[in-house]
Amino acid sequence: MEAILQETKFIMNKYHIKANKKLGQNFLINDKVVEEIIKSSEIKENDLIIEIGPGLGTLTKELLEKAGKVICIELDTNMITILKDRFKLYNNFEIMNEDVLKVDLKNLIKQEKQNEKIHQVKVVANLPYYITTPIIMKLLEEKLDLETITVMVQKEVADRLTAVPGEKNTGAITYSVNYYAEAKQIIEVEKQSFIPEPEVTSEVIQLKIRKQPKVQITNEKLMFNIIKNAFTQRRKTLLNALTNTNIFQNKEQGLEILKELNLKENIRAEELTLEQFAKITEKL
Ligand code: SAM
């Protein structure tokens with residue numbers, strides 16, 4: 001039996017832990033996947049790592065060996081007891097018993113960066129799947145001072161997040177990710193790599209935050225609203241979707257804009273690049 005599986009079972013027995021499904025608790029038990037997450041995060045000794053949902057501390061243990069500081073954010077109080085016990089000898093370990101969606105990450109990072117020993121901040125996590133999208137959108141939209149986000153997510157979500165706008169597998173979220181980051185897939189992870197097994201295959205992905213957003217746009221909010229509306233009616237043409245949702249005042253206005261941008265009348269949302277959505281936004 002893999003050492004990591006033995007260790008996980010030992011900790012779960014010792015503290016009488018049963019995985020809490022509601023909190024998305026699927027504990028990683030695959031050495032190779034842990035290794036790949038740590039390797040691809042390229043952790044340096046003056047990095048601050050923010051780990052979301054450390055659980056029993058499988059990734060945390062490796063992060064603590066490499067990073068200048070590790071701040072873990074965990075909602076489950078049972079895990080907090082274990083983590084405090086397990087890592088009490090590490091002076092680079094800090095834990096917050098909080099819902100990550102409610103944490104003021106901007107301020108946290110600002111405070112930590114005042115320490116001259118911290119150069120870069122990275123997020124590493126095996127995410128709770130019931131809130132994958134809100135967590136990723138929070139990390140991106142709050143424009144945090146981050147280098148990379150390396151996270152385990154459901155494979156289907158990974159495909160969406162790392163898709164290339166204008167090609168297949170895109171959704172509105174593909175454009176948000178592409179605006180803020182360069183996304184790539186790191187490793188596919190089978191269900192058997194966790195206890196308990198999740199219902200779906202997983203994938204580790206990495207988002208490298210851009211220094212500047214991919215396109216320059218005066219009204220970012222409007223652009224994302226247009227993209228959202230275009231994709232809520234994805235079976236329709238872009239013209240119909242944006243007319244029905246009153247983004248275009250009427251079909252004539254829509255047709256004129258499409259013509260000016262050399263886009264065919266029956267183009268669909270998923271065929272557009274981020275730059276083309278930005279141009280439509282500017283026209284409006
Ligand atoms: N990192 C561990 C691992 O790889 O084995 C556990 C990962 S498990 C998929 C997700 C973790 O996120 C759980 O420990 C769960 O308690 C925690 N969690 C769930 N909701 C959370 C929230 N809103 N804020 C912070 N942590 C949360």
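Further up the page is the structure itself.
Quick caveat, the model's predicted, so the values are computed rather than measured. (Residues numbered from 1 in each chain as written. Predicted model: local features only at pLDDT ≥ 70, side-chain atom pairs only at ≥ 80, totals over all residues. Heavy atoms only, no water.)

## What about the site of the ligand?
Taken together, 22 residues lie near the ligand, and Gln 25, Gly 53, Glu 74, Asn 126 and Tyr 130 sit nearest. Between an oxygen atom of the ligand and a side-chain N or O atom of Asn 126, the distance comes to 2.8 Å. Burial of the ligand by the surrounding chains reaches 99%, relative to a free accessible area of 590 Å². Given that more than half its atoms are within 2 Å of the pocket grid, the ligand belongs to the largest cavity. Taken together, the residues of the shell around the ligand sort by class into eleven nonpolar, six polar and five charged. (Near = heavy atom within 4 Å. Polar contact = N/O pair within 3.5 Å; in protein donor to acceptor, adjacent residues only side chain to side chain. Areas by Shrake-Rupley, 256 points an atom, 1.4 Å probe, with all protein chains shown as cover. 1 Å grid on protein atoms, 1.4 Å probe; cavity = no way out; pocket = protein on both sides within 12 Å on 5 of 7 lines; lining within 4 Å. Sits in = over half its atoms within 2 Å of the grid points. Nonpolar A, V, L, I, M, F, W, Y, C, P; charged D, E, K, R; others polar.)

## What to know about helix H5 (residues 105-113)
Given 3.6 residues per helical turn, the α-helix brings residues three or four places apart onto the same face. Every buried residue of H5 is accounted for by Leu 105, Leu 108, Ile 109 and Glu 112. Along the long axis of H5, the arc covered by the buried residues comes to 95°, so they all point the same way. Structurally, H5 contributes buried residues whose contacts are with strand S2 (47-52), strand S3 (69-73), strand S4 (93-96), strand S5 (120-126) and helix H6 (132-141). (Buried < 20%, exposed > 50% of the residue type's maximum accessible area, 1.4 Å probe, protein only. Helix = DSSP H or I, 4+ residues; strand = E, 2+ residues; numbered from the N terminus. Arc of directions from axis to C-beta. Contact = heavy atoms within 4.5 Å.)

## A closer look at the packing of helix H8 (residues 172-180) against helix H9 (residues 220-232)
Two elements in contact, H8 and H9, have axes whose closest approach is 8 Å; the angle formed by their N-to-C orientations is 150°. The pairing of H8 with H9 is recorded here as roughly antiparallel in orientation. Where H8 approaches H9, its residues Ala 172, Tyr 175, Ser 176, Tyr 179 and Tyr 180 are matched on the opposing element by Glu 220, Met 223, Phe 224, Ile 227, Lys 228 and Phe 231. Class assignment for the residues of the contact of H8 with H9 results in eight nonpolar, one polar and two charged. (Axes fitted to C-alpha atoms, helices over the stretch in contact; angles between N-to-C directions. Parallel < 35°, antiparallel > 145°, perpendicular 65-115°, else oblique.)

## Let's talk about a negative patch on the surface
Taken together, the side chains of Glu 2, Asp 31, Glu 35, Glu 62 and Glu 65 make up a negatively charged region of the molecular surface. Those elements that provide at least two residues to the negative patch are helix H2 (31-41) and helix H3 (58-66). In this structure, Glu 62 sits in helix H3. (Patch = residues over 30% accessible without salt bridge, like charges linked within 9 Å, V, L, I, M, F, W, Y side chains within 5 Å. Salt bridge = Lys/Arg side-chain N within 4 Å of Asp/Glu carboxyl O. Lys, Arg positive; Asp, Glu negative; His and termini not counted. Charge placed at Lys NZ, Arg CZ, Asp CG, Glu CD.)

## Comments concerning the pairing of strand S9 (residues 202-209)
The buried count for S9 comes to seven of eight residues, which makes it a mostly enclosed element. Here strand S6 (residues 148-154) runs beside S9; their pairing, made up of seven bridges, is antiparallel. In the sheet register, Met 152 faces S9, and the bridge partner there is Val 204. With eight bridges connecting them, strand S7 (residues 181-189) and S9 associate as antiparallel partners. Across the sheet, residue Ala 181 finds its bridge partner in S9, namely Ile 209. (Pairing = 2+ DSSP bridges.)

## Some words on H9
Taking 1.5 Å per residue as the helical rise, H9 with its 13 residues ought to reach 18 Å, and the 19 Å between its terminal C-alpha atoms agrees with that figure. Residues of H9 that are buried include every one of Met 223, Phe 224, Ile 226, Ile 227, Asn 229, Ala 230 and Phe 231, and no others. Elements in contact with the buried residues of H9: H8, helix H10 (238-244) and helix H12 (274-283). (Expected span 1.5 Å × (residues − 1).)

## Considerations on empty space enclosed by the protein
Evaluation of the coordinates by the stated rule reveals two cavities of 30 Å³ or more. For the largest cavity, the lining is made up of 28 residues, of which Gly 53, Pro 54, Gly 55, Glu 74 and Asn 126 are closest to its centre. At the level of secondary structure, the elements contributing two or more residues to the lining of the largest cavity comprise strand S1 (27-28), S2 and H3. The calculated volume of the second largest cavity comes to roughly 40 Å³. Around the second largest cavity, the lining residues are Ile 4, Glu 7, Thr 8, Ile 11, Thr 58 and Arg 86. Top contributing element to the lining of the second largest cavity by residue count: helix H1 (residues 3-14), with four residues. Residues that form the lining of the second largest cavity fall into these classes: two nonpolar, two polar and two charged. (Points joined across faces, edges and corners; volume = space filled by probe spheres on them.)

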